[in-house]
Structures are given as structure tokens and as C-alpha cells.
Amino acid sequence: MLVDEFDFELPAGLIAQSPAPERAASRLMTVNRATGELGHGTFSGLPGLLRAGDVLVINDTKVFPARLNGTKRGTGGRVEALLLKDLGGCRYEALMKGKNPPGTVIEFDDSLSAEVAGELGGGKKLLRFICDGSLDELIERLGRMPLPPYIDQSVRDESADRERYQTVYASKRGAVAAPTAGLHFTPELLETIRQSGVIIAPVTLHVGIGTFMPVRVEVVERHEMQEEEYDIPKQTADAINAAKSDGRRVVCVGTTSARAVESASENGRVRDGSGSTRIFIYPGYRFQAVDCLVTNFHLPKSTLIMLICALAGKENIMSAYAEAIKNKYRFYSYDDAMFITG
């Protein structure tokens, strides 16, 4: 299967640079995965599309301000480090551009510096931090939110991005990208959903840098996913397994929730517990747990559009994307939403 089969023309003006004024005011396209039938509404209408007994799976990962700007000690050269993973002991895996060999010391401010302690391949470095005080608190103070590269970084309101590039239910720190389908929910909307008899079940998948990275191969099957960590609480696994046994729907919010649930599925049942995954879902994949999906409008030729094509059918999704472009839906992280139903 060729990656080019998942390409499409997207006008630059449809790439959202800022969120909608109100989270639930985003538009919502519905796609019936069985028939391809499309519908149009707003995200605030999602409760009316859910059914009592549905299990709504949300990803409660929390984005941390992972972009740090500093200067090299001795030369004053500017450096940006994108922190990817906390390795413990004041060490982080980080993505850095340019020549920063082991031994390079980067100063972020008077209270925080780091030494490049090793090469990890693929532009990744091992950073060992030297700091006065709590490293997490210093990163929270000095870091910037790791917005994706297709959002203009030149003029940003950092405080606004810290609020809006985060779901209202984010609680488990560790992501370098938001599970963006969840950005449309408000506490009030979630309460309405609960009151309608829908079971809201959290999982955690710490979204990594792979969500930004383009597919660099020509053949889909040759692509390798970046590793991400996930956790499925026992209560969530039990709720999903009971729903599958009863014939009720499992509705995942976002491709990250779907990947976590499918990674923990075996023989039609979801296992609780923690793990790491490189699961790559593309057409031909047989879903074990996911019935429906709340998702966003994704990049051409991305692993995310491949996943939704696997769930709803490539022809259905490409037709839906053509309709979205025609109707000027907003695309990517701060975009409008899609509900794939059956």
C-alpha cells in the first residue's frame, strides 16, 4: 500500500492557527462507517449522538511545556531543546537541532542548565540537568508549550496556549503533544454526557514526537512508529469488556485513546495495566475494541489519517475530507472535529 494513497490537497487557509472562541463551538462532521453518510453539526451536539451504555474512552495525559530555549556556554549560540521523555535522575531524552556534541553545556537561566551527556540517535540527545530547586517546577516556569510546527510560533500568547492546548481532564503529566480530539470538551459537556447514561472511562497514552513526524517511506507497511507509553486502569478495562460482551459501543476520543485500547487488546478483551506500544493501524487492521471514534481532521499522508481510514474505509474518509474542504472546516490541532459512527 502506497503512502501517496492518503494524500490530498489542503488550502493553507484551513490550517487552524488558534482555537475556536469556545471549545464546544467547534464544528462536528459525522461519518457513518457502514454507509459513508455524512452529517454536519457542532460539537455541543455530541451528547445527542451518543447512547446510554456507550463507553466513552478519554486520554487523560497532560502536556507539559517541553520547549526550552537556552544558549551554549562559551559561545552564546542559541539552542532549543524539545524534551521528549523524563528518564529520571534529572535526565531527559531531548530533540535538538545543530551540532551539540556530548559535553556541551546549555544555560536556560541562572537556575537551570544542562549538559549533553550522550547521543541517542535521530537527532535525540541525553540531557543531564543541573538545577537549583525542583526540575519539574523550573521546566513549568521556563518552558513553552510544544505546539506543532504547522502552527505559527512567531507570535503566541503562551498563557492562552497553556490553557487551550490542554484537555479539561488532563491529569497525567508526560505528553509533548495534546490528544487534540479531546480539546473540544468542556466540563459542562462531559457532565451532560454522564447524565445521559454514558460511561466515561480514562486511559493514559503519553503522546510523543511521532505525532508530528512525517511518514518518510513510500510504502505504508515499511513505516515504524515511535514508542509511546500507556496505562489502562482496571475500571476502564472492565467497562470496555462489559460493553463488548453486552453489544454496547466503545467510543474512543482521539486516535491516541484508540491506539492505547487496541494495544491492550487480545482475543477480544482489553487488559488493564501499563505498557509501551508502537502499534501502527492502517487499512486492513481489524479493530478488537473500538467501535466509534471522535477525531480531528489530520495531515495528508499521516499515520493518523491511515488509522481513521482503517476504521471507516479509505473511500468514505477521502470523500468526507473533500466535503470538509468544500465547507471550509478547520484542520489540524486547533481544528474542527469528526465523529465516526456505525
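The present account deals with the structure reproduced in this document. Treat the numbers as computed from the prediction; the structure is a model and nothing was measured. (Residues numbered from 1 in each chain as written. Predicted model: local features only at pLDDT ≥ 70, side-chain atom pairs only at ≥ 80, totals over all residues. Heavy atoms only, no water.)

In this section: the overall build of the protein chain. Broken down by element type, the protein chain carries 7 helices and 19 strands. Its C-alpha radius of gyration of 20 Å places the protein chain within 12% of the 20 Å reference for a compact globule of 342 residues. Its C-alpha atoms put the protein chain at 65 × 45 × 40 Å along the principal axes. For the protein chain, with 342 residues in total, the buried portion stands at 53%. (Helix = DSSP H or I, 4+ residues; strand = E, 2+ residues; numbered from the N terminus. Rg over C-alpha atoms; globule rule 2.2 N^0.38 Å. Buried < 20%, exposed > 50% of the residue type's maximum accessible area, 1.4 Å probe, protein only.)

Let us look at the nonpolar core. L83, F129, Y165 and F331 are the most contacted members of the largest nonpolar core, which has 92 residues in total. It is helix α6 (residues 303-312) that contributes the most residues to this core, 8 residues altogether. If we skip the residues at most four places from it in the chain, Y165 touches V63, M145, P146, L147, P148, A177, A178, T180, L183, F212, S333 and Y334. Core analysis: the second largest hydrophobic core is formed by 21 residues, L28, L56, I193 and V251 among them. (Core = buried A, V, L, I, M, F, W, Y, C linked by side-chain atoms within 4.5 Å. Contact = heavy atoms within 4.5 Å.)

So, about unusual backbone geometry. Unusually for a residue other than glycine, N267 sits at a positive phi of about 55°. Residue classification places N267 among the exposed positions, given a relative accessible area of 72%. You will see that K328, though not glycine, has its phi angle at about 60°, which is positive. Here K328 falls in the exposed class, since its relative accessible area comes to 62%.

Right, let's get into the state of the cysteines. Linking two cysteines covalently through their sulfur atoms gives a disulfide. As enumerated under the stated definition, the model contains 0 disulfides in all. Unpaired in terms of disulfides, C292 finds its nearest cysteine sulfur in C252, a separation of 9.5 Å. Accessibility expressed as a relative area gives 1% for C292, which makes it buried. (Disulfide = S-S within 2.5 Å.)

Before going further, it helps to examine the packing of α6 against helix α7 (residues 314-326). Direction vectors running N to C along α6 and α7 enclose 120°, while the axes themselves pass 7 Å from each other. By the angle between their axes, α6 is oblique relative to α7. Residues I305, I308, C309 and A312 of α6 lie in contact with α7, whose contacting residues are K314, N316, I317, M318 and Y321. Tallied by class, the residues present in the contact of α6 with α7 amount to 7 nonpolar, 1 polar and 1 charged. (Axes fitted to C-alpha atoms, helices over the stretch in contact; angles between N-to-C directions. Parallel < 35°, antiparallel > 145°, perpendicular 65-115°, else oblique. Nonpolar A, V, L, I, M, F, W, Y, C, P; charged D, E, K, R; others polar.)

We now examine the sheet that holds strand β7 (residues 91-96). What holds strands together in a sheet is hydrogen bonding between their backbones, with the strands either parallel or antiparallel. Reading around the circumference, β5-β6-β7-β10-β9-β8 is the order of the 6 strands in this closed barrel, with antiparallel pairing throughout. For this sheet the average axis-to-axis angle between neighbouring strands, irrespective of direction, equals 45°. Here β7 runs beside strand β10 (residues 124-131); their pairing, made up of 5 bridges, is antiparallel. Bridge assignment links A94 to a residue of β10, and that residue is K125. (Pairing = 2+ DSSP bridges.)

Our next topic: helix α3 (residues 187-195). Of all the positions in α3, only L189, L190 and I193 are classed as buried. Seen along its axis, α3 keeps its buried residues to an arc of 100°; they face one direction. Within α3, the exposed residues directed more than 90 degrees away from the buried face are E188 and Q195. In the core, the buried residues of α3 are packed alongside β3 (55-59) and β12 (199-205). Trailing α3 by a residue or two, G197 shows a phi angle of about 95°, which is positive. (Arc of directions from axis to C-beta.)

Attention now moves to the sheet that holds strand β19 (residues 337-341). What the 9 strands build is an open sheet, ordered β2-β1-β19-β18-β14-β3-β12-β13-β17; its pairing is mixed. The open sheet terminates on both sides in strands that have one partner only, identified here as β2 (38-42) and β17 (273-277). Within the sheet, the average angular offset between the axes of one strand and its neighbour, ignoring direction, is 25°. Two elements, strand β18 (residues 292-296) and β19, share 4 bridges in a ladder whose sense is antiparallel. Bridge pairing links V294 to F339 in β19. Strands in contact with α6 are β18 and β19; relative to β18, the strand with the most contacts, it is inclined by about 150°.

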